[in-house]
Amino acid sequence: MPGIVWFVVRRLFATVLVMLALSLAVYLIFYAIPADPAHLSCGKPCTPDRLEQARHFMQLDQSTIQQYLNFLRGIFAGRTFGDGPAAVRCEAPCFGYSFPLGRPVTTLIADRLPVTASIALGAAVLWLLIGVSLGVIAALNRGRLLDRLSVGVALIGVSTPSFLLGLLAILAFGFWLNMVPVNGYVPFTESPVDWAWHLVTPWLVLAVLQAASYIRLTRAQMLEELNLDHITTARAKGAGEARVVVTHGLRGALVPIVTLFGLDLGGLLGGAILTEKVFSMQGLGELLISAVGQLDVAVVVGVTLFSAFLIILANLVVDIVHGALDPRVSHG
Amino acid sequence: MAEPILEVHDLRVTFATEGGPVPAVDGIDFAVAPGETLAIVGESGSGKSVSSAAVMGLLPSNAEVRGEVLLDGRELVGLEADELRKIRGNDIALVFQDALSALNPYYSVGWQVAEAYRLHHDVSKKVAFRRAVEMLDKVGIPDAARRAKSYPHEFSGGMRQRVVIAMALVNNPRVLIADEPTTALDVTVQAQIMQLLADVQEEFGTALVLISHDLGVVAEVADDVLVMYAGRAAERGTVRDLFFRAAHPYSLGLLGAMPRIDVPPTRRLTTIPGSPPSPGSISAGCPFQPRCAYTERVGERCVTERPELTPRPGEGDHEAACHLGRRPEVVA
């Protein structure tokens, strides 16, 4: 067991290094764009004097490297913009301050995360169930109607854009059938029922789209697994078909499925941009898109880094789970 | 011979393929009594493994099985899947050639042996595991209680084969089918495994069907031998009939291809020219005719008429399917 502890420590250390390199890259990219964020905050008319003031207040008049170092220091020590009574304080961990929104990026992300997490987690449970079960059914009926049907559904799912399916779902379930609310988000803490009721359409839309790749992966993995000798052994021992398929077949197909699931979920937690837009939900993706529109560089950098962190974290979790799932990895 | 426990009459297996039906086994008969050993010998593709899979009802759904398989007088061909499941692993058990691929990599060996027991006994997991440890100990796994928790990849080839044997024997089956159980092992380990099989056979009175192409092993352990060629019986008899009074040119070819300790090592081993016919391409005549050194002595008959099994001099029911009436002298 200490093996796994060491593994996690090493990986966390590597994660910090990757995040550092990534933050520098993201910072340089977004600060290299020719637009000046200070312009937006300086108001109209924007005299050169006021612009200079705004630049100084936002600490944009320093060198790029100095700005980056300020950013890094802010994560651990917090930052103060300006001085005197007009000073703006961004408490640690400070991932930048959004002047257009007048709030620290950390707070913005923390506010939006529950929305995105609600969408992503609910959809993830659904697509895993749909994808794996349809994939298994397809594999067991290889070449027959059920297989063709599942593969067909997968093909449609893979090739449909989420905004199209989202809009169609809103049109059908929201307006024609008038079954579900067409937009908005209700926090879970306020009313779990309303929360789920508002989310069920985006869940289904995302699940149908994502399930496609799980159908294909599960089908391919199961076809491979069910051809292995130990499956024949299980039958020869007298195991029934259900046991052969689930306990022996699906168990082996699990590792790649879990890997894909972890990475997909990590990616989606960083913001389901189109889905949030279509269903008018104020999640991370929506935050990112409007920040880009307003040249709110602090938010863009913050959300991008947060998404990247989630993906790196998902990779780490997947690797740990992989070890737990495959004794050939953990009992090397 | 004592009353047979397993009797196979006129077993035929045909695979439905896109190119039409392909006969893999074309009418074979054999029987084995408790405590006795029948060896089925032949090249790859001669139908010996298909025959054993047919006995266990383990063939894929595109295989059609005809004929009789009687276990203690009970017909197994066409039995309900669930009835057959109760017999598999309980009354008839199978030992595979490659123990590494025959074991499930995701479960401990103790779990796998215990599973075989639990599938046929209504006991708790704990009791089954204890029984598994007992069985692992019996087949000579040192420190069985601890090793039961290890995974297949943590064992050596010989130890893995012992695990597979423990799994096959955990329910005290009446018939054990061993499909090339020692092919993947080195010679000293081979001898240990064969000794182990002989020991359990003696202890439990198990009937053993040994599928092998290793005539050295066959000479050592078999009571009766069935030589298969292209899905048919070429010759059958007691082990002494085959080794001292072989009547079929194919049997002679196999014997000639075997290294012998009493022949100077400078002499080259003889080989049988050509390769076995692919199933479905067999013409009206003797399937071995294209490779046979004796065709000229018999003439046309070998090409036009398929030889049936006819009695030959020997101990018991020594029979061979060859038009050559008397025992052929070896053609150098």
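The written sequence of each chain sets the order in which its residues are numbered from 1. In the order they appear in the text, chains get letters beginning with A and ligands get numbers beginning with 1. Residues qualify for local features only when their pLDDT is at least 70, as the model is predicted, and side-chain atom pairs are given and counted only at 80 or more; totals for whole chains, interfaces and linings, by contrast, use all residues.

Moving on, we get to the domain arrangement of chain A. All names here are of chain A. When the domains of chain A are assigned, the result is domain 1 (37-94) and domain 2 (106-330). Contacts between domain 1 and domain 2 engage 4 residues on the former and 4 residues on the latter. Each residue is assigned to one of three groups, with Ala, Val, Leu, Ile, Met, Phe, Trp, Tyr, Cys and Pro labelled nonpolar, Asp, Glu, Lys and Arg labelled charged, and all others, Gly among them, labelled polar. When the residues that make up the side of domain 1 that touches domain 2 are grouped by side-chain class, the tally is 4 nonpolar, no polar and no charged. Residue ranges for the domains trace back to a domain assignment, done automatically or taken from a database. Two residues qualify as being in contact provided that their C-beta atoms, derived from the backbone, are within 7 Å of each other.

Here the focus is the confidence of the model for chain B. Residues and elements named next belong to chain B. The pLDDT value expresses, per residue, how confident the predictor is, ranging between 0 and 100. Confidence along chain B averages 87 in pLDDT terms, with 96% of residues attaining 70 or more. Per-element mean pLDDT across chain B ranges from 80 in helix H12 (residues 295-298) up to 96 in helix H4 (residues 109-118). Reported confidences for the modelled complex are a pTM of 0.81 and an ipTM of 0.85. Only DSSP runs of H or I covering at least 4 residues are called helices, and only runs of E covering at least 2 are called strands; the numbering of each starts at the N terminus.

Membership of the largest hydrophobic core comes to 101 residues, with the highest contact counts inside it found for Val41, Val113, Ala132, Leu136, Val163, Val164 and Ala166 of chain B. No other element matches the 8 residues that helix H7 (residues 157-169) of chain B contributes to this core. Those residues within four positions of Val41 of chain B in sequence are excluded, and the remaining contacts are Ser212, His213, Leu215, Val218, Val225, Leu226, Val227, Met228 and Leu254 of chain B. Each nonpolar core consists of buried Ala, Val, Leu, Ile, Met, Phe, Trp, Tyr and Cys residues. Their C-beta atoms, within 7 Å, join them into a set. Exposure is read from a count of other C-beta atoms within 10 Å of each residue's own; the residue is exposed at 12 or fewer, buried at 20 or more and partly exposed in between. C-beta atoms are placed from the backbone. Core analysis: the next-biggest nonpolar cluster, separate from the first, contains 72 residues, Phe95, Val132, Phe306 and Leu310 of chain A among them.

Turning next to the confidence of the model for chain A. Averaged over every residue, the pLDDT of chain A is 85; residues scoring 70 or more account for 97%. Within chain A, helix H9 (residues 229-237) of chain A carries the highest mean pLDDT (93), whereas helix H2 (residues 37-41) of chain A carries the lowest (71).

Turning next to the UniProt feature "transmembrane region" (unreviewed entry) in chain A. All names here are of chain A. UniProt positions are given in the numbering used here, feature names are shortened, and annotations may be inferred rather than shown by experiment. Under the present numbering, the feature "transmembrane region" (unreviewed entry) in UniProt falls on residues 12-33, 119-140, 152-175, 195-215, 253-275 and 295-318. Taken end to end, residues 195-215 comprises 100% helix and 0% strand; its first and last C-alpha atoms sit 28 Å apart. Here residues 295-318 runs as 92% helix and 0% strand, with 35 Å between its end C-alpha atoms.

Turning to the interface of chain A and chain B, a few remarks are in order. With 18 residues of chain A in contact, the opposing surface of chain B contributes 24 residues. Tallying contributions element by element places H9 of chain A first for the side of chain A that touches chain B, with 7 residues. Considered class by class, the residues forming the side of chain A that touches chain B number 4 nonpolar, 8 polar and 6 charged.

Spatially, E6-E7-E8-E3-E9-E10-E12-E11 (chain B) is the arrangement adopted by the 8 strands of the open sheet, whose pairing is mixed. Strands with a single pairing partner mark the edges of an open sheet, and in this sheet they are strand E6 (92-95) and strand E11 (310-311) of chain B. In this description, strands pair whenever DSSP reports at least two bridges between them.

A few words on the pairing of E6 of chain B. Residues and elements named next belong to chain B. Burial along E6 is two-sided: the residues Ile92 and Leu94 and Ala93 and Val95 are all buried. Summarising the sheet, E6 and strand E7 (residues 175-179) pair through 4 bridges and their orientation is parallel. Within E7, the residue paired with Leu94 across the bridge is Ile177.

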